[in-house]
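# Report on the structure
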Amino acid sequence: MTIVRKPTAEGIARPVLAALIGIALLAAVAGGLQRTGMSLGTSSPAGAALAQHAALMLSGLLGTVIAVERAVAVKRRWAFVAPWASALGSAALLVGLPAAGAWAGALAAAVFVGASVIVLARQVALHSVVLLLGAVAWLVGNLLFALGVHAPLILPWWFAFIVLTIAAERLEMARLMRHHPAVQVALMAILVAVLAGAAGTGRWPTLAGALFGGGLSALALWLLAFDVARRTVRSHGLSRYMAISLLAGYVWLAVAGLAWVGTAFGCPGRDWALHALGLGFIFSMVMGHAPVILPAVARTRLVFGIWFYAPLLLLHASLLVRLPGSLIDPSWRALGAMLNAAAMGLFVLTLLASVLARRDAKRG
Amino acid sequence: MTSLPFAFDGPPELSGPMLSALSRVVDPELSLSIVDVGLVYGVSVTEGEVRVRVTMTSAACPVIDVIVEDIELELDRLLPAGTGIVVELCWEPPWTPQMMSERARRFMQG
């Protein structure tokens, strides 16, 4: 096959999609800050951001970004329906059209499953199967959301979508380390536990929560033991930065799994379960990969430098303030959440500055 | 003629520079060149055109286009102006870890 370099989202479409992704991020962060006590007024979008925090963050933002990545990879025009439907769906949630927004999300995930089938057909491999399972988890979560199912039953599916997507990518990379085949079997057993936990949450919440959380912690141990980041952390530059963001994320994943098990048995720690996972693991992963993925999906280049460590450090430090810090003083949770938001803002600025620096360097 | 880790069909004097150019294309996460990872399957040079067959470790990776662009940039620097450069993405045979160079294996084994 010869690569035909066509624009992936031509003309005005790409900035519009980028703007919708930016709005989803802002709204998701605004919703999160309100949940930790910050007042952002009584406007309708602020209320929607508060109510739809998880949908905006996990499906509207991360789902859209992952769907862009998949569409760019499969190079099929129809695959871009997934990120567009997801991004427009999250905008609809914000302007008071929750049903339209939720069903647009379901359409997005259905198209995304189709794109993941293309990946599997192109490369029949275990990691392609895991990617497809992740896509199906997003579809299940979005269908449950559209059908108005209670949020605690949806969250494990949305998290499973992202966790399986990351696990698939790490499994694919782990082949370079030429592990014993039993290592792959162990990962599949862990992912089955995660999916079973998500599926069983409604019927057997304690057992399912323990399975889901146990699966997350086991996945963290698997990644710490077998991921290529163990090797690339000894490298330099971007490669080392990515490895550090991954390894730090794995530690939070282990914490999130334990907290998830604890909450399944009635212990407090819901903020630990959700945000050690969502921010500590998933956002650390996003920060690690963005310098590589952004140039690929946005058809731009950037300058990587040591300054990328600033938002990464702030993200992890702010989580320490928010989670263990709240044990010292409960008010630190809100402070930590504000610093979480600052870390994300700083990261977006870092990315933009790095793209502009590259353009300046090219002109010079 | 330089011993090459991929099939080469073209003027022998071009094989060494071609290996050097392709070795400058690096997988950003691994800090390893695409030659070391074993992603280059073959190069054929004909009148006015260079054709490079490469694979990727993942069909779902959006960075494929960036790597292909980097290959084109490196070959563009090497070859005379006006030479056509075609990068073909192949999924057969599938990439396996056995295709990695000894250097890459040593790096990955720690």
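Residues numbered from 1 in each chain as written. Chains lettered and ligands numbered in written order. Predicted model: local features only at pLDDT ≥ 70, side-chain atom pairs only at ≥ 80, totals over all residues.

## Some remarks on the confidence of the model for chain B
When pLDDT is averaged across chain B, the result is 92; 98% of the residues are at 70 or more. Scored as a complex, the prediction yields pTM 0.94 and ipTM 0.90. (pLDDT = per-residue confidence, 0-100.)

## Here's the deal with the interface of chain B and chain A
The partner chain A presents 31 residues to the 26 residues of chain B that form the contact. When contributions to the side of chain B that touches chain A are tallied by element, the ones reaching two or more residues are α3 (64-78), β6 (84-89) and α4 (102-109) of chain B. The class makeup of the residues in the side of chain B that touches chain A is 19 nonpolar, 4 polar and 3 charged. (Contact = placed C-beta atoms within 7 Å. Helix = DSSP H or I, 4+ residues; strand = E, 2+ residues; numbered from the N terminus. Nonpolar A, V, L, I, M, F, W, Y, C, P; charged D, E, K, R; others polar.)

## A few points about the nonpolar core
Residues and elements named next belong to chain A. Ranked by internal contacts, the top residues of the largest apolar core, which has 172 residues, are Ala 256 and Ala 276. Per-element tally for this core: the top contributor is helix α12 (residues 270-298), with 17 residues. Residues from two domains meet in this core; each of domain 1 (13-119) and domain 2 (181-356) gives at least three. (Core = buried A, V, L, I, M, F, W, Y, C linked by C-beta atoms within 7 Å. Buried ≥ 20, exposed ≤ 12 C-beta atoms within 10 Å, placed from the backbone. Domains from an automatic or database assignment.)

## Overview of the packing of helix α5 (residues 98-122) of chain A against helix α6 (residues 126-146) of chain A
Residue and element names in this part refer to chain A. As a packed pair, α5 and α6 sit with axes 8 Å apart at the nearest point and diverge in direction by 165°. One element, α5, and the other, α6, form an angle in the roughly antiparallel class. Crossing geometry of α5 relative to α6 is assigned as left-handed. Contacts between α5 and α6 involve Ala 102, Trp 103, Gly 105, Ala 106, Ala 109, Ala 110, Phe 112, Val 113, Ser 116, Val 117, Val 119 and Leu 120 on the former and, on the latter, Ser 128, Val 129, Leu 131, Leu 132, Ala 135, Val 136, Trp 138, Leu 139, Asn 142, Leu 143, Phe 145 and Ala 146. (Axes fitted to C-alpha atoms, helices over the stretch in contact; angles between N-to-C directions. Parallel < 35°, antiparallel > 145°, perpendicular 65-115°, else oblique. Left-handed = near helix turned anticlockwise from the far one by under 90°.)

## Notes on the pairing of strand β4 (residues 40-46) of chain B
All names here are of chain B. When strand β1 (residues 7-9) meets β4, the two strands line up parallel, connected through 3 bridges. The partner of Asp 9 across the bridge, within β4, is Ser 44. By the bridge criterion, 6 bridges tie β4 to strand β5 (residues 49-54) in an arrangement that is antiparallel. Within β5, the position partnered with Val 40 by the bridge is Val 54. Taking the residues between adjacent antiparallel strands as the criterion, β4 and β5 are bridged by 2 residues, where Gly 48 takes a positive phi near 75°. (Pairing = 2+ DSSP bridges.)

## Quick word on the sheet that holds β4 of chain B
Residue and element names in this part refer to chain B. Within the open sheet, the 4 strands sit side by side as β1-β4-β5-β6. Their pairing is mixed. Among the strands making up the open sheet, the edge pair consists of β1 and β6. Geometrically, the sheet is characterised by an average inter-axis angle of 10° between neighbouring strands, direction not taken into account. Pairing of β5 with β6, which is carried by 6 bridges, proceeds in the parallel orientation. Each bridged residue has a counterpart across the sheet, and for Val 54 the counterpart in β6 is Leu 89. Packed on one face of the sheet, α3 meets β5 and β6 and runs near 150° to β6.

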